[in-house]
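# Working through the structure, step by step
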Number of protein chains: 2
Amino acid sequence: MAMNEHAKPTLDDVARAAGVSTATVSRCLNSPDQVIALTRERVMLAVERLGYTPDFGGRALASRRTNTVGAIIPTMDNAIFARGLQSFQETLSRFGKTLLVASSGYDPARERQQMEALAGRGADGLLLIGSARPESSTEYLRRRGIPFVGAWNLGSGDGCFVGFDNRAAAARLAEMVIARGHRRLAMIAGISYMNDRAADRTAGVRAAAEAAGIAPADLPVIEAAYTFEDGARAMGELMKANPRPTVVMCGNDVLAVGAMQMARELGLKVPGDVSLTGFDDIDLAGVVDPKLTTVRVPHRRMGEAAAEMLIKLITKQPVERRIEIPTAIIERGTLGPPRADSGHKG
Amino acid sequence: MAMNEHAKPTLDDVARAAGVSTATVSRCLNSPDQVIALTRERVMLAVERLGYTPDFGGRALASRRTNTVGAIIPTMDNAIFARGLQSFQETLSRFGKTLLVASSGYDPARERQQMEALAGRGADGLLLIGSARPESSTEYLRRRGIPFVGAWNLGSGDGCFVGFDNRAAAARLAEMVIARGHRRLAMIAGISYMNDRAADRTAGVRAAAEAAGIAPADLPVIEAAYTFEDGARAMGELMKANPRPTVVMCGNDVLAVGAMQMARELGLKVPGDVSLTGFDDIDLAGVVDPKLTTVRVPHRRMGEAAAEMLIKLITKQPVERRIEIPTAIIERGTLGPPRADSGHKG
DNA sequence: TATCAACATGTAAGCGCTTACATTGCAATG
DNA sequence: CATTGCAATGTAAGCGCTTACATGTTGATA
């Protein structure tokens, strides 16, 4: 009996079932206080009984707003963005907005494609990661009047950003490493193509090394995808050098843990034979042995701030266009002094 | 000049700009071969120039299909589902479908809410995790005629499933543990409320223990959320017992790694003083020292199979209603024999 | 009792798109 | 040359919803 029509029920069906007009049903759903309690009950009962859910498309079409915001992150395969995104979405939902997440696989073309998909789905605003993307992509968003904020770094252009200074943070860490006595550094960097965070971190380390008078030959850099495996592989490569680097600075914690694993396999003690640093301070960093010396990024705060900024942009409130989130160096177990015998080239 | 109207362009705008009817523009976008090349070029140029993207709502409304499927996973905060979801979406996109992901936080009410959100957004089908949910939720989907498949386990009801036998896999692992000589087991289980995977794994271990004549008192079970921290806390709790368990079986790898960290803090060697097992074989398992003995779940294959099944359901092709993905025990470093002196109660 | 708020509800016009159907133009055919 | 068939394009009717506006109902007031 309930199964009268096997199609998905529409507003009309509900209206008929409740003996009211579609307008009344719509009001019950959107501004219940405009409808008298008795009617409302009748309507809600019908809604319940028919298993009615409003059609988003119709609703968006008619009301010209979606209460949806989109986020395009490079990858979901990885804890880096998970934490920040979580608080981003929590903040959003406090404002009654829904989050749609898409991933680009670090590919600008796919990022653009996802922009169009989200725009088409009516996203009121977008969260993007970083600022390295073709001019045409941002131009597209501007044309459509879709506000967006970049996160995870501070952009250089004229957009809105909530992030931190990857370059400065990496430089500070490198300075500390050098202050510990290291002169032969190496770096396992993230892949810098269209990834300003990775590029900035590398640049920071390079700058600090140069400032300390370290020759570029004493700072080999290998770029690796953010996986344990690639980190391990790069580490294997770096450890072939003679003399070996006394410290390997990694573009993020995942790489560092992969490197650590390889060090273990090669019979190298960390930090006795080789020191290691990470970046991000994801949970993982505190769970390996020894724990990772790394840079903490307050992901939750960043996600929250990004959500607030985006909402302000959407509602056309004034915003501070650039919010910097401070980072902190977390000293744990993987950074020690260089080996006593390793100061001299062999 | 390009900025003539600052509103988002519509099909109409494009049609006017190209000097054709809306129908022709629509055809250019959806079945280009029905339009002669010359016209098509003119239209595409206008599309490009105006920065037009079709409005998803309008399109869904008019064509009554969305080419969208939804997935509701308990959490994104965690690598467990990432891998499987990734291949799920890759397979989907090979069939021209878009994936919308939502998370429930292991809460059936929020899962239901997300079902409605996705249904409203026009999802043609849904991927759900497991089978533990109120009857009313599945009833809702059936009423709306939205096909769904459960993954990560084999359901008992009459739905469609792609998964593995959590109970049997856990039991097999426990049998192996017991065969190694362990008699004092403990378990850090996932929280079983509305989580059939966690419940099944616990049940499997319990059954194996019982079959081996191990007293329930020699199998304490603590439930913990899937975080390093909670795993560590539970481990701390379990290690207070006297005599201590000689092995702690964990509901997943994250818990096991947390437990391992706590063991280290307590000065207990793994597996010398206490053995550990995990479940899932996520990347993490191969990266800690010693590496985790665990159960491998072929997540990629599962995601792929789930996508294929769902597509068949959507297109009303016949399907095998239950696909079992085999699991394998991966023996690595965290499971050893019990301590020599630990066979006797103190 | 007539009048008028104030409120509850109904009516109907689109929102941007797809698509069945109608129209047009043109080449091939009788 | 009239006819036919086909390919390319146009016309217009909705898809399910919101909302401005119209209408009806009530109770208080003059």
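Here the residue index of a chain counts from 1 through its sequence in written order. Each chain takes a letter, starting from A, and each ligand takes a number, starting from 1, following the order in which they are written. Residue-level local features of this predicted model are given only where pLDDT is at least 70; pairs of side-chain atoms are given and counted only at 80 or more, and the full residue set underlies all totals for whole chains, interfaces and linings. The side-chain quantities take in all heavy atoms of the structure and omit both hydrogens and water.

## Points about the packing of helix α8 (residues 166-179) of chain A against helix α9 (residues 196-211) of chain A
Axis angle and axis distance: for two packed helices, these are the angle between their axes and the distance between the axes, and together they describe the pair. Residue and element names in this part refer to chain A. Lines fitted to the C-alpha atoms define the axes, with helices restricted to the stretch that makes contact. Angles between their N-to-C directions range from 0 to 180 degrees. We count a stretch as a helix when DSSP gives it H or I for four or more residues in a row; a strand needs E for two or more, and each element gets its number in order from the N terminus. It is the contact of α8 with α9, at a shortest axis distance of 7 Å, that shows an interaxial angle of 40°. Crossing angle aside, the handedness with which α8 passes α9 is right-handed. Counted together, Asn166, Arg167, Ala170, Ala171, Ala174, Glu175 and Ile178 of α8 and Arg197, Asp200, Arg201, Ala203, Gly204, Val205, Ala207, Ala208 and Ala209 of α9 form the full contact between these two elements. Handedness of each helix crossing follows the sense of rotation of the near helix against the far helix: counterclockwise by less than a right angle gives left-handed, clockwise gives right-handed. Only heavy atoms enter the contact rule, under which two residues are in contact if any of them lie within 4.5 Å.

## A closer look at unusual backbone geometry
Residue and element names in this part refer to chain A. Omega for the bond connecting Asn242 with Pro243 falls within 30 degrees of zero, at 0°, which places this linkage in the cis form. Mapped onto the elements of the fold, Pro243 is located in the loop between α10 (228-238) and β8 (247-250). Omega for the bond connecting Asp289 with Pro290 falls within 30 degrees of zero, at 0°, which places this linkage in the cis form. Of note, Pro290 is situated in the loop between β9 (275-277) and β10 (294-296). Positive phi, normally seen in glycine, also occurs at Asn67, with a value near 50°. Along the chain, Asn67 turns up in the loop between α4 (56-63) and β1 (68-73).

## Digging into the relation of the copies chain A and chain B
Once chain A is rotated about the relating axis by 180° and shifted along it by 0.0 Å, it coincides with chain B to within an RMSD of 0.1 Å. Overall, the copies show the geometry of a two-fold rotation axis. Relative to the rotation axis, the C-alpha of Gly57(A) is the closest in chain A, positioned 1.9 Å from it. Interface overlap between copies is the fraction of interface residues in one copy that are interface residues in the other; for chain A against chain B it reaches 100%, indicating a shared surface. Residues below a pLDDT of 70 in either copy are left out; the C-alpha atoms of the rest, at least 70 in both, set the least-squares superposition of the copies.

## Points about the protein's contact with DNA strand D
Taken together, the neighbourhood of DNA strand D is formed by 26 residues, with Leu11(A), Ser26(A), Tyr52(A), Thr24(B) and Thr39(B) sitting nearest. The sugar-phosphate backbone supplies 66% of the atoms of DNA strand D found within 4 Å of the protein. At 3.1 Å, a backbone N or O of Gly58(A) approaches a base nitrogen of DNA strand D. Polar contact is defined as a pair of N or O atoms within 3.5 Å, subject to the rule that within protein one atom must be able to donate a hydrogen and the other to accept it, and that residues adjacent in sequence are counted only when both atoms are side-chain atoms. One nitrogen or oxygen atom from the side chain of Arg65(A) is found 3.1 Å from a phosphate oxygen belonging to DNA strand D. For the surface near DNA strand D, the element with the most residues is α4(A), which contributes five residues. Looking at the surface near DNA strand D, its residues break down into twelve nonpolar, nine polar and five charged. Being near a molecule or strand, for a residue, comes down to having at least one heavy atom within 4 Å of it. Residues are grouped as follows: Ala, Val, Leu, Ile, Met, Phe, Trp, Tyr, Cys and Pro are nonpolar; Asp, Glu, Lys and Arg are charged; every other residue, Gly included, is polar.

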